[in-house]
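A look at the structure
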Amino acid sequence: MKYTRYSLLIVCAIIFTISCSKKSIPSPEKPDLHKSLELLSTNNRAVEAGTFMSDSVRVRVVDENNALVPGIEVSFEQITSHDGSVIFPAIDSTDEGGYASAAYLVDTLIGVDTIKIIASDVDDSVVYLSILVTASNPERMELIGPTINPVTGIAGEFIADTIKVRVVDKYSNPVASQRVLFRALDRSIVVSDSTALLPVENDSIVTRTDASGIAWTTWRLTANPTPFIEYPTSSNLEIYRVLDMILTDKIELRGNGNDPGSYNYYSDIRPIFEDNCFPCHPGIRTDYSMNFYYTTVLPGIVEPGDSANSALLDSANRSHEANMINVVEEDLVIQWVVSDSAAPGSSGLNSYNSGMKDIFDLKCVSCHGALPYGNYSLDSFEGILGNGTDGIPNAIAGDSLSMLIQRILPVGNMRQYLAPDNILFSDSIINWIIIDSLRQY
C-alpha cells in the first residue's frame, strides 16, 4: 500500500513536469511574406524638356498574395546626367493602399532620363523608370555657318562653305522637322539635298531641319549679268524659319563674287547646253547642233562680243520652250558671248570613236578607203595618222598646219566633198585635231 502511494506520487510528479515543460516552449512565429516593388508609371514615355510631371513617378509594394503593403520607405533618384531636373520628394513611404509617388520636373536636355527607385526591407526592391526627353516648341533659329558675313567666292560658282542654320527650343535643344526657307536674290541660286524638299521657285527652296536641328543649302553667286562690270559682284541671301506659313527669324547674308576669269565653251558653257539644250540640239533639232564649238558659234546665232546680234542669248533662258536653265547659267552664257568673245577652250570631248569616225565613214572613205586615193586611207584611226604619197603625216595633234586641215579649209580642195554640211564637219575635224589632239577614245 505504501509502495502504491509512492508510485502514484511519482506518476503525478512526471505528469506535472511534462505539463510544465510544455508551457515553457514558445509557439513558432508567422514567417514574413515575400514582398515586391512594382512600377506603375509608363516606361519610355516621350515628354518635352522642362515639363513638370505631377505625381508622375508612381510605384506600389505588394506581397506574394498580391496584398498591398503600407509603411515601406521608397527613395527616388535620377541616375543619368541631367540639367535642371528635380524629383520631389526624394523619399516617400507607401500609404495605406501600398502606393508611393513623386513629382518630376523633366530635364532640360534631350535624351533619356533614368530614375532609380528603391524600396527598403523589400525582397525585389529596385525598379527603373526611363523617360524620353524631347525638344520643346521651337523658339529661334541661329546661323552656324559660315561665320563671316559677307561670304566671299567666285562669281558664277558655288561658295566653298555650306550655309547652315539650326532651329532650337528655349533650352537650346535642336528641333527636327522644322521648315526653313532659303531665298536667293540678285540672280543667284540655292540648292539643297536636305530632307523633305519643297521647291518654291527657281531661286528659293524650302527644306526641313534634320535630327540635329540643322537645315542647309549651297549658294551659287551671281555670274555677273552685266558685261564688263567691275568685280566683286554682289548677291544676297535671306533665310527664314517657317512657322504656320509665317516667315520669322530672318537672317541675311551677302555674297561677294570675285572675278571668275574667262569662260570658254568646252569647260564652262557646253555642260550647260548638255543639261538644258541637247534634248533638242542635236536631238530633234538637227538643223542646229550645239555638240561642238564650231557648230554652235555660227553667224547670226553667236556673234562674239555682240549681245544685240547673238540670237542664242534670246533662247538661253527659262522662257525658251521647256528649257530649265537657271539665272546663273544664263548669265554665264551672256558673259561668255559678250565679255569673253565666245572663246572655244579645250573640250576633251571629241574623239575618233565618238563623232569623227562617223564623219569620215560618211564623207571620205568612198575615195580614201580600201583602195585609197593618193595612198591615204581614212577608214581607220591608224590610217588618219598616216601619210600619203609625200610621206608626211597628214594629221598631227595640235598642228593647225596639218595637211588634213589644209584640205578642208574654205580654200581647200576637199571641202566640197563635205557638203552640204561642210561647215559642221570641217570645223569638227579641225577642232578634233587642234584642240582634242587626235583623241581616239
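All figures in this text were calculated on a predicted structure; none of them were measured in a lab. (Residues numbered from 1 in each chain as written. Predicted model: local features only at pLDDT ≥ 70, side-chain atom pairs only at ≥ 80, totals over all residues. Heavy atoms only, no water.)

Considerations on the sheet that holds strand β10 (residues 138-145)
Quick note on the threshold: When DSSP locates at least two bridges between a pair of strands, those strands are taken to pair. For the purposes of this entry, the term helix denotes a DSSP run of H or I that reaches at least four residues, the term strand denotes a run of E that reaches at least two, and both are numbered from the N terminus. For helices, the fitted axis covers only the stretch in contact; all axes are lines through C-alpha atoms, and the angles between them, taken along N-to-C directions, range from 0 to 180 degrees.
Pairing within the open sheet is antiparallel, and its four strands lie in the order β10-β12-β17-β14. The open sheet has two edge strands with one neighbour each: β10 and β14 (189-191). Each adjacent strand pair in this sheet contributes to an overall mean axis angle of 30 degrees, direction not counted. Pairing between β14 and strand β17 (residues 214-220): three bridges, direction antiparallel. Its bridge partner being in β17, Val190 is matched across the sheet by Trp219.

Structural notes on the environment of Thr42
Applied cut-off: Only protein chains enter the accessibility calculation, which uses a 1.4 Å probe; a residue whose area is less than 20% of its type maximum is buried, one above 50% is exposed, and one in between is partly exposed. Any pair of residues with heavy atoms lying within 4.5 Å of one another is described as a contacting pair.
Tracing the backbone shows Thr42 in the loop between β1 (35-39) and β2 (45-48). In this structure Thr42 comes out as exposed when scored by relative accessible area, which is 56%. In this structure, the C-alpha to C-alpha distance between Thr42 and Ser56, residues 14 residues apart in sequence, is 8.9 Å. Among residues more than four places away in sequence, those in contact with Thr42 are Leu129 and Ser130.

Digging into the packing of aromatic side chains
For any two aromatic rings, the description comes down to two numbers: the centre-to-centre distance and the angle of the planes. Going by this rule: Side-chain rings of Phe, Tyr and Trp, where Trp is taken by its six-membered ring, are said to pair if the distance between their centres is within 6.5 Å; with planes under 30 degrees apart they count as stacked, over 60 as edge-to-face, and otherwise as tilted.
Evaluation of the coordinates by the stated rule reveals six aromatic pairs. With centroids separated by 4.6 Å and ring planes inclined at 85 degrees, the aromatic side chains of Tyr265 and Tyr266 adopt a geometry described as edge-to-face. Overall, Tyr265 belongs to the buried group, its relative accessible area being 0%. Geometrically, the ring pair formed by Tyr265 and Phe273 is tilted, given 6.4 Å between the ring centres and 50 degrees between the ring planes. Of the aromatic side chains, those joined through ring pairs into one cluster are Tyr265, Tyr266, Phe273 and Trp336.

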